Number of protein chains: 4
Amino acid sequence: MAVVEISVAPLGTGSPGVSEYVAGALAVLRESGLTYQLTPMGTVIEGDIGEIFPVLLKMHQSPFDRGAVRVSTLIKIDDRRDRSDHGMKHKVEAVQRLLAE
Amino acid sequence: MAVVEISVAPLGTGSPGVSEYVAGALAVLRESGLTYQLTPMGTVIEGDIGEIFPVLLKMHQSPFDRGAVRVSTLIKIDDRRDRSDHGMKHKVEAVQRLLAE
Amino acid sequence: MAVVEISVAPLGTGSPGVSEYVAGALAVLRESGLTYQLTPMGTVIEGDIGEIFPVLLKMHQSPFDRGAVRVSTLIKIDDRRDRSDHGMKHKVEAVQRLLAE
Amino acid sequence: MAVVEISVAPLGTGSPGVSEYVAGALAVLRESGLTYQLTPMGTVIEGDIGEIFPVLLKMHQSPFDRGAVRVSTLIKIDDRRDRSDHGMKHKVEAVQRLLAE
């Protein structure tokens, strides 16, 4: 099971706001049916890395469809295969449990 | 106002689990009094970049205090100065509003 | 034309050195025939993003073949479509020219 | 000894080219006297992390001095303390040696 964070940003659009482009990339992700969570700095996706990868490419492509000419995308993958409960929820809870002690 | 994401991971600890080190870095952050949010892929902090920066260095240092000999840290900064409502909550809401349309 | 940086690192291997795993991922890249450059913090690849993407997935997978159980991969994409000379060499030269002025 | 990669990019500038801002950040780094190397996707710096950190903040600040209102900065730190030869040159050579075998 992999947990993946992606952020997509157009450069040189003339406006510092990029929410419209982020929402466009998220619409692509939503169509995929994958489990995801929106955070203030990106979108976190959980699932099989082989299924997630083609969706990441589509998300990266989406700002070009809205007129962007340069897109900067950051992808961070945490892929763990020694336990089956590795996922978005478990990762946060494991840290919170330790912090509460 | 800046929104900053940081993730801290030790390399070569002998165990694939790193929650203990992440919790140690978060304990440092909690002491700082800065506003933060834990996500499945890192910790997001909000505030003045000049105040956040020294805390990022302390968080990066913390795994060495627990015996790590190599630490890999990733920091992503989104610093916006043309509007006063740029923050963790506003960033997520702006995208969600567009997605709901 | 896209310029992409990738770094691949196993977690919990018992040794802080990861060169062996990095070399394994690079061997995969070398077989692809894509143009690349090794830097101290990752590998930079240049080409069509559609051709690069499947190779990135193979590079991410390679440490598991060597026994790693958890792999952390970072991918940064700079994709520019308004000019044909966007590439590894041009990007560095454009900055060096400005610095020399 | 730490090896650190930084990339600094303004958002919403009206032009997809950002070399001018990258060169500005590099001018700040050059003044610091730290050892660095320019790559197609960022700048790699080598040295004591305590000395590097304040320079990273100055580099992040520099695009605002040129009129940018939003800056996106990515910092990746590889800090290794179990051997004294950990540096930019050694990291690349260790991988190249394995690849040549």
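As the structure is a prediction and not an experimental result, all values here were calculated from the model.

Enquirer: Please clarify how the overall build of chain A should be interpreted in this entry.
Expert: The helix and strand tally for chain A stands at 3 helices and 4 strands. Reading the secondary structure of chain A in the N-to-C direction produces β-α-β-β-α-β-α. A burial count over chain A gives 50% of its 101 residues as buried. Here the analysis covers contacts within chain A between residues at least 6 apart in sequence; of these, 70% occur between residues at least 24 apart.

Enquirer: Looking at this structure, I do not really get the relation of the copies chain A and chain B. What am I missing?
Expert: The pair of chain copies shares a relation made of a rotation about an axis and a shift along it. Mapping chain A onto chain B leaves a residual RMSD of 0.0 Å; the transformation is a rotation of 180° accompanied by 0.0 Å of translation along its axis. Put plainly, the chains are arranged around a two-fold axis. Taking the C-alpha atom as reference, chain A places A:Thr39 closest to the rotation axis, 3.6 Å from it. Counting the interface residues of chain A, we find that 100% of their copies in chain B are interface residues as well, pointing to one common contact surface.

Enquirer: Please explain the packing of helix H1 (residues 19-32) of chain A against helix H3 (residues 88-100) of chain B as it appears in this structure.
Expert: Taken N-terminus to C-terminus, the directions of H1(A) and H3(B) make an angle of 60°; their axes are 9 Å apart at the nearest point. With respect to H3(B), the axis of H1(A) lies oblique. Here the hand of the crossing between H1(A) and H3(B) comes out right-handed. Across from A:Ser19, A:Glu20, A:Val22, A:Ala23, A:Leu26 and A:Ala27 in H1(A), the residues of H3(B) making contact are B:Ala94, B:Val95, B:Leu98 and B:Leu99.

Enquirer: When you look at the sheet that holds strand S3 (residues 42-47) of chain A in this model, what are you seeing that I'm missing?
Expert: Across a sheet, paired strands are connected by hydrogen bonds in the backbone, their directions being either parallel or antiparallel. An order of S2(A)-S3(A)-S1(A)-S4(A)-S4(C)-S1(C)-S3(C)-S2(C) is seen for the 8 strands of this open sheet, with the pairing classed as antiparallel. Strand pairing shows two members of the sheet lacking a second neighbour, strand S2 (35-39) of chain A together with strand S2 (35-39) of chain C, which therefore form its edges. Along the sheet, successive strands turn relative to each other by an average axial angle of 20°, direction set aside. When S2(A) meets S3(A), the two strands line up antiparallel, connected through 5 bridges. Among the inter-strand pairings, A:Thr35 is bridged to a residue of S3(A), identified as A:Glu46. On top of the sheet, helix H1 (residues 19-32) of chain C reaches strand S1 (2-10), S2 and strand S3 (42-47) of chain C; it is set at about 140° to S1(C), its chief contact.

Enquirer: Help me out: how do you make sense of the interface of chain A and chain B in this one?
Expert: Interfaces are frequently sized by the accessible area removed from exposure as the parts join. Counting from both sides, the interface comprises 27 residues of chain A and, opposite them, 27 residues of chain B. Where the side of chain A that touches chain B is concerned, the elements lending two or more residues are strand S1 (2-10), H1, S2, strand S4 (70-80) and helix H3 (88-100) of chain A. In terms of residue count, H3(A) provides more of the side of chain A that touches chain B than any other element does, 8 residues in total. The residue inventory of the side of chain A that touches chain B, partitioned by class, reads 16 nonpolar, 4 polar and 7 charged.

Enquirer: Looking at this model, I keep getting lost on helix H2 (residues 49-65) of chain C. Mind explaining?
Expert: Helix length check: H2(C), at 17 residues, gives a terminal C-alpha distance of 25 Å against a target of 24 Å (1.5 Å per residue), a fit within 8%. Restricting attention to buried positions, one finds in H2(C) the residues C:Ile49, C:Ile52, C:Val55, C:Leu56, C:Met59, C:His60, C:Ser62 and C:Pro63. Relative to the axis of H2(C), the buried residues are bounded by an arc of 145° and lie together on one face. Exposed and oriented more than 90 degrees from the buried face of H2(C) are C:Gly50 and C:Asp65. In this fold, the buried residues of H2(C) make contact with S4 of chain A together with S1, H1, S3 and strand S4 (70-80) of chain C. Looking at the residues trailing H2(C), positive phi occurs at C:Gly67, about 105°.

Enquirer: Got a minute to help me understand the relation of the copies chain B and chain D in this structure?
Expert: Of the two same-sequence chains, chain B is brought onto chain D (RMSD 0.0 Å, axial shift 0.0 Å) by a rotation of 180°. Counting the interface residues of chain B, we find that 100% of their copies in chain D are interface residues as well, pointing to one common contact surface.

Enquirer: How should the environment of D:Gly14 be read in this particular structure?
Expert: Counting through the fold element by element, D:Gly14 comes out in the loop between strand S1 (2-10) and helix H1 (19-32). Taking the number of C-beta atoms within 10 Å as the measure of exposure, D:Gly14 has 9 and is therefore exposed. Linking D:Gly14 and D:Ile77, residues 63 residues apart in sequence, is a C-alpha distance of 31 Å. In contact with D:Gly14, other than residues within four places in its own chain, are A:Gly12 and A:Gly14.

Enquirer: Looking at this structure, I do not really get the pairing of strand S4 (residues 70-80) of chain D. What am I missing?
Expert: For a regular strand, the rule is simple: side chains alternate between the two faces of the sheet. Burial runs high along S4(D): 11 of the 11 residues are buried. Judged by which residues are buried, S4(D) turns out to be covered on both faces: D:Arg70, D:Ser72, D:Leu74, D:Lys76, D:Asp78 and D:Arg80 on one side and D:Val71, D:Thr73, D:Ile75, D:Ile77 and D:Asp79 on the other are all buried. Where strand S4 (residues 70-80) of chain B meets S4(D), 11 bridges bridge the pair, whose relative direction is antiparallel. Bridge assignment links B:Ile75 to a residue of S4(D), and that residue is D:Ile75. Of the strand pairs in this sheet, S1(D) and S4(D) are connected by 9 bridges, and their pairing is antiparallel. Pairing of D:Pro10 across the sheet is with D:Val71, part of S4(D).

Enquirer: Can you help me understand the interface of chain B and chain D in this one?
Expert: Taken together, the contact between chain B and chain D spans 18 residues of the former and 18 residues of the latter. Elements represented by at least two residues in the side of chain B that touches chain D include exactly helix H2 (49-65) and S4 of chain B. Considering every element that reaches the side of chain B that touches chain D, the biggest residue donor is S4(B), with 11 residues. Classifying every residue of the side of chain B that touches chain D by side-chain character gives 8 nonpolar, 3 polar and 7 charged.

Enquirer: When you look at the packing of helix H1 (residues 19-32) of chain B against H2(B) in this model, what are you seeing that I'm missing?
Expert: Two packed helices can be described by the angle between their axes and the distance between those axes. All names here are of chain B. Following both chains from N to C, one finds H1 and H2 inclined at 150°, their axes separated by 8 Å at the closest point. As summarised for this structure, H1 and H2 are arranged roughly antiparallel, according to the angle between their axes. Note on packing geometry: the crossing formed by H1 with H2 is right-handed. Taken together, the residues of H2 that come into contact with H1 (itself represented by Tyr21, Gly24, Ala25, Val28, Leu29 and Ser32) are Val55, Lys58, Met59, Ser62 and Pro63. Tallied by class, the residues present in the contact of H1 with H2 amount to 7 nonpolar, 3 polar and 1 charged.

Rules and cut-offs
- In this numbering scheme, every chain counts its residues from 1 along its sequence in written order.
- Going through the entries in the order they are written, you letter the chains from A and number the ligands from 1.
- A pLDDT threshold of at least 70 governs which residues receive local features in this predicted model, and a stricter bar of 80 or more applies before side-chain atom pairs are shown or counted, although totals over entire chains, interfaces and linings include all residues.
- What counts as a helix is a DSSP run of H or I of at least four residues, what counts as a strand is a run of E of at least two, and both are numbered from the N terminus.
- Exposed residues have 12 or fewer other C-beta atoms within 10 Å of their own C-beta, buried residues have 20 or more, and partly exposed residues fall in between, where C-beta atoms are placed from the backbone.
- By definition, residue pairs are in contact when their C-beta atoms, positioned from the backbone, come within 7 Å.
- Fitting of the copies onto one another was done by least squares over C-alpha atoms, counting residues only where both copies have pLDDT of at least 70.
- Angles run from 0 to 180 degrees between N-to-C directions of axes, and those axes are lines fitted to C-alpha atoms, restricted for helices to the stretch in contact.
- Roughly parallel means an angle under 35 degrees; roughly antiparallel, over 145; roughly perpendicular, 65 to 115; everything else is oblique.
- In this scheme, a crossing is called left-handed if the near helix is turned counterclockwise away from the far one by less than a right angle; it is called right-handed if the turn is clockwise.
- What makes two strands pair is DSSP finding at least two bridges between them.
- Nonpolar residues are Ala, Val, Leu, Ile, Met, Phe, Trp, Tyr, Cys and Pro. Charged residues are Asp, Glu, Lys and Arg, and all others, Gly as well, are polar.
- Expected helix span is computed as 1.5 Å times (number of residues minus one).
- The arc in question is the one spanned by the directions pointing from the helix axis to the C-beta atoms.

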